[in-house]
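Structural description and commentary
Single-letter residue listing:
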Amino acid sequence: MAERARPVARQVSAYRFVVEVAIWLLQFAMGLSFFAVAPLFPLIQESYGTSNAAVSLLVGVSSLVAALALIPGGVFAARTGSRTVLVAGGTLMSAVLFTPLASGFGLLIVTRVAFALGAAVTLAATPKVVMHWFPPRELPVVNGANIVAQSMGVTVSLFVAAPLADLVGWQEALFAAGVVTAAATVLWLIIASAVTDE
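Presented here is an overview of the structure given in this document.

What to know about the overall build of the protein
- Helices and strands together make up the secondary structure of the protein, namely 8 helices and 0 strands.
- Across its three principal axes, the protein shows a C-alpha extent of roughly 80 × 30 × 25 Å.
- When contacts within the protein are restricted to residue pairs at least 6 apart in sequence, those whose partners lie at least 24 apart make up 83%.
- Total accessible area on the protein stands at roughly 10,200 Å², and carbon and sulfur atoms take up 71% of it.

Here it is as structure tokens:
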């Protein structure tokens, strides 16, 4: 009787934790930029002369666009390498860097839409990357850590955005959040280029 072939054990790379650091920072940056505008609503209203309803679109539109773009973002992530997808997502999220150039409220909305598209792509691509690098027994911890990163980003933005705006201005405060996102994206590109061909 022929002996059944044993399944080949999956090799786990020690670099997976380095990869997770880059992913974690992208998730943190996402949370940081997502709600950073909320504490700045009064300053934004004053700058553009907008109503409460209009300024709330900065969060509402972002949420709606991110939700609608998740499925197309998932398709894009499935058909494209993880390195490219997360670089694309991080680059779009870095659109908040252009906040100081937003001469009108409409342009500020455009930066938020671009951010939301990037967030959707990043959210859709992250599970694929995590499942590629981590064995099943580690997935709950890693996925939990990434969710914590988003929450930490939101928390930091709510505590820091307004005091920072008092020091340097609200546009510069949002610009700083964009710098964090851009730095996280560059770090991901460097790490992903070194350890994966995807």
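Focus on the nonpolar core
- Formed by 43 residues in total, the largest nonpolar core has its most connected members in Leu40, Ile44, Leu58, Leu108, Trp170 and Trp188.
- When residues no more than four places from it in sequence are discounted, the contact partners of tryptophan 188 are Val19, Ala22, Ile23, Leu26, Ser82, Arg83, Leu86, Val87 and Val129.

A word on the packing of helix H4 (residues 57–79) against helix H6 (residues 105–133)
- Interhelical geometry of H4 versus H6 gives an angle of 40° and a closest axis separation of 6 Å. Between H4 and H6, the angle falls in the class oblique. When the axes of H4 and H6 are compared, the crossing they make is right-handed.
- Along the lines of polarity and charge, the residues of the contact of H4 with H6 split into 21 nonpolar, 3 polar and 2 charged.

Side note on the packing of aromatic side chains
- On inspection of all chains with the given rule, the structure shows 6 aromatic pairs.
- Their ring planes at 5° and their centres at 5.8 Å tell us that tryptophan 24 and phenylalanine 28 sit as a pair that is stacked. One end of the pair is tryptophan 24 and the other is phenylalanine 28, both in helix H1 (residues 16–34) and 4 residues apart, which spans about a single turn.
- Of the residues examined, phenylalanine 28 reaches a relative accessible area of 16% and is grouped as buried.
- An angle of 75° between the planes, with centres 4.8 Å apart, marks the rings of phenylalanine 34 and phenylalanine 35 as edge-to-face.
- Accessibility expressed as a relative area gives 17% for phenylalanine 34, which makes it buried.
- Here the aromatic residues Phe34, Phe35 and Phe115 are joined through ring pairs into a cluster of three or more.

Quick notes on the side chain of threonine 99
- Along the chain, threonine 99 turns up in the loop between helix H5 (82–93) and H6.
- Sequence-distant contacts of threonine 99, defined by excluding residues within four places in its chain, comprise Leu108, Thr111, Trp170, Gln171 and Leu174.

Points about H5
- Between its terminal C-alpha atoms H5 stretches 16 Å, which fits the 16 Å expected from 12 residues at 1.5 Å a residue.
- Among the structural elements, H1, H4, H6 and helix H8 (170–195) are those in contact with the buried residues of H5.

Points about the environment of serine 151
- The residue serine 151 is located in helix H7 (residues 139–168) in this model.
- Serine 151 gets classed as partly exposed once you look at its relative accessible area, which sits at 40%.
- When the C-alpha atoms of serine 151 and phenylalanine 28 are compared, they prove to be 7.5 Å apart, with 123 residues separating the residues in sequence.

A short note on the pattern of salt bridges
- Under the counting rule described, the total for this entry stands at 1 salt bridge.
- Here glutamate 138 and arginine 16 are joined by a salt bridge, their closest N and O atoms 2.9 Å apart. On the criterion of sequence distance, the pair formed by glutamate 138 in the loop between H6 and H7 and arginine 16 in helix H1 is long-range, its members being 122 residues apart. Residue glutamate 138 shares its accessibility class with arginine 16, and that shared class is buried.

Rules of the game
Residues numbered from 1 in each chain as written. Predicted model: local features only at pLDDT ≥ 70, side-chain atom pairs only at ≥ 80, totals over all residues. Heavy atoms only, no water. Helix = DSSP H or I, 4+ residues; strand = E, 2+ residues; numbered from the N terminus. Contact = heavy atoms within 4.5 Å. Areas by Shrake-Rupley, 256 points an atom, 1.4 Å probe, with all protein chains shown as cover. Core = buried A, V, L, I, M, F, W, Y, C linked by side-chain atoms within 4.5 Å. Buried < 20%, exposed > 50% of the residue type's maximum accessible area, 1.4 Å probe, protein only. Axes fitted to C-alpha atoms, helices over the stretch in contact; angles between N-to-C directions. Parallel < 35°, antiparallel > 145°, perpendicular 65-115°, else oblique. Left-handed = near helix turned anticlockwise from the far one by under 90°. Nonpolar A, V, L, I, M, F, W, Y, C, P; charged D, E, K, R; others polar. Phe/Tyr/Trp six-rings, centres within 6.5 Å; stacked < 30°, edge-to-face > 60°. Expected span 1.5 Å × (residues − 1). Salt bridge = Lys/Arg side-chain N within 4 Å of Asp/Glu carboxyl O.

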